[in-house]
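Structural description and commentary
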Amino acid sequence: MTTNSNTIPDKLIIRNIILDLGGVVLDIDYNLTLKAFEKHGLKLNDHTTFTGSNELFNQFDCGLVNPDTFRKEFNQLFGVNFKTQEFDNAWNALLLSWDAERLSFIEQLKKDYRVYLLSNTNVIHFNHYNQLLVEETGKELKEFFHKVYLSFEMGIRKPQVEIFQRLIEENELVPSETLFVDDTFEHVAAAQKLGIQAIHLEGGNRNKPLVKALKGFLG
């Protein structure tokens with residue numbers, strides 16, 4: 001079942017919650033990275049380059065190429081010559097600040113539910129936002145969840161059904177008792193194929209706040 005943030009299912013038992021990261025737990029703005037690259041003379045048409053439609057970026061999200069290789073092939077692909085720090089600054093520009101209220105809410109959820117993170121992400125982004133989190137809270141990302149699943153460590157990415165299967169099987173979860181929250185419809189649809197309940201935060205947290213959506217769903 002797919003629901004929006006205003007729908008409250010009847011007699012639904014949820015014991016496990018799987019959260020996406022970018023656009024759900026951590027706000028992002030792809031335009032900031034597009035603008036950062038444009039300042040260096042690289043104009044990309046839209047953010048779809050970063051969401052798996054480009055094979056190089058897809059491989060990087062799956063950990064199939066290391067950061068040095070990715071930067072080199074990025075430069076070759078777009079005919080640019082970014083130095084490492086220049087590239088990383090532009091690449092990470094889309095990552096916004098952590099929200100203390102949201103993090104506190106997730107910690108509260110852990111008292112009553114098994115809470116997991118499932119993210120399509122890459123090691124450059126991870127190192128950046130994890131370090132920011134440590135600086136702001138004194139905790140690493142893994143400390144806010146019972147377990148963290150990251151595409152670059154797993155070798156697969158959403159919307160591959162196998163990524164959900166692995167999480168479900170490793171933790172012995174019942175799909176119908178599991179809620180998945182993501183801002184990408186294709187990812188929600190993939191989870192549903194396994195019988196996982198789902199909330200689609202269309203437009204991300206800033207359009208449909210995660211805390212409000214979960215409180216409405218869970219009651």
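Structure report, in brief.

Here is what the cut-offs are and how they apply
Residues numbered from 1 in each chain as written. Predicted model: local features only at pLDDT ≥ 70, side-chain atom pairs only at ≥ 80, totals over all residues. Heavy atoms only, no water. Helix = DSSP H or I, 4+ residues; strand = E, 2+ residues; numbered from the N terminus. Rg over C-alpha atoms; globule rule 2.2 N^0.38 Å. Buried < 20%, exposed > 50% of the residue type's maximum accessible area, 1.4 Å probe, protein only. Contact = heavy atoms within 4.5 Å. Core = buried A, V, L, I, M, F, W, Y, C linked by side-chain atoms within 4.5 Å. Pairing = 2+ DSSP bridges. Right-handed = clockwise from strand over helix to strand, strands pointing away. Axes fitted to C-alpha atoms, helices over the stretch in contact; angles between N-to-C directions. Parallel < 35°, antiparallel > 145°, perpendicular 65-115°, else oblique. Nonpolar A, V, L, I, M, F, W, Y, C, P; charged D, E, K, R; others polar.

**Structural notes on the overall build of the chain**
- Within the chain one finds 10 helices and 6 strands.
- Taken over the C-alpha trace, the chain has a radius of gyration of 17 Å; the compact-globule value for 219 residues is 17 Å, and the two agree within 12%.
- Along the first, second and third principal axes, the C-alpha set of the chain runs to 55 × 35 × 30 Å.
- By residue count, 49% of the 219 residues in the chain fall in the buried class.
- Within the chain, contacts between residues separated by at least 24 positions form 69% of all contacts whose residues are at least 6 apart in sequence.

**Details of the nonpolar core**
- Core analysis: the biggest nonpolar cluster contains 36 residues, and Leu19 and Phe145 have the highest contact counts within it.
- At the level of secondary structure, the elements contributing two or more residues to this core comprise strand 2 (16-19), helix 5 (100-109), strand 3 (114-119), helix 6 (123-137), strand 4 (147-150), strand 5 (178-182) and helix 10 (210-218).
- Among the elements that line this core, the one with the most residues is helix 10, at 5 residues.
- Setting aside residues no more than four positions away along its own chain, Phe145 makes contact with Leu19, Val25, Ile106, Lys110, Val115, Tyr116 and Leu117.
- Judged by nonpolar contacts, the second largest core, of 17 residues, contains Leu118, Met154, Phe164 and Ala198.

**Some thoughts on the pairing of strand 4**
- Bridging between strand 3 and strand 4 involves 4 bridges; their strand directions are parallel. Within strand 4, the residue paired with Leu118 across the bridge is Tyr149.
- The parallel pair strand 3 and strand 4, bridged by helix 6, forms a crossover whose chirality is right-handed.

**Details of the pairing of strand 6 (residues 197-200)**
- Residues Gln197 and Ile199 of strand 6 are buried on one face, and the alternating residues Ala198 and His200, pointing to the opposite face, are buried as well.
- The sheet contact formed by strand 5 and strand 6 spans 4 bridges and is parallel. The partner of Leu179 across the bridge, within strand 6, is Gln197.
- After leaving strand 5, the chain enters helix 9 (residues 185-192) and then returns to the sheet as strand 6, a path that is right-handed.

**Examining unusual backbone geometry**
- Backbone torsion omega between Lys158 and Pro159 reads 10 degrees, so that peptide bond is classified as cis.
- Counting through the fold element by element, Pro159 comes out in the loop between helix 7 (151-154) and helix 8 (161-170).
- One non-glycine residue, Glu172, adopts positive backbone phi at about 55 degrees.
- Position of Glu172 among the secondary structure elements: in the loop between helix 8 and strand 5.
- Taking relative accessible area as the criterion, Glu172 reaches 72% and is therefore assigned exposed.

**Describing the packing of helix 3 (residues 67-78) against helix 4 (residues 84-91)**
- One can describe the packing of helix 3 onto helix 4 by two numbers: an axis separation of 11 Å at closest approach and a directional angle of 85 degrees. Here helix 3 is positioned roughly perpendicular relative to helix 4, judged by the angle of their axes. Residues Phe70, Arg71 and Phe74 of helix 3 pack against Thr84, Phe87, Asp88 and Trp91 of helix 4.
- Looking at side-chain class alone, the contact of helix 3 with helix 4 contains 4 nonpolar, 1 polar and 2 charged residues.

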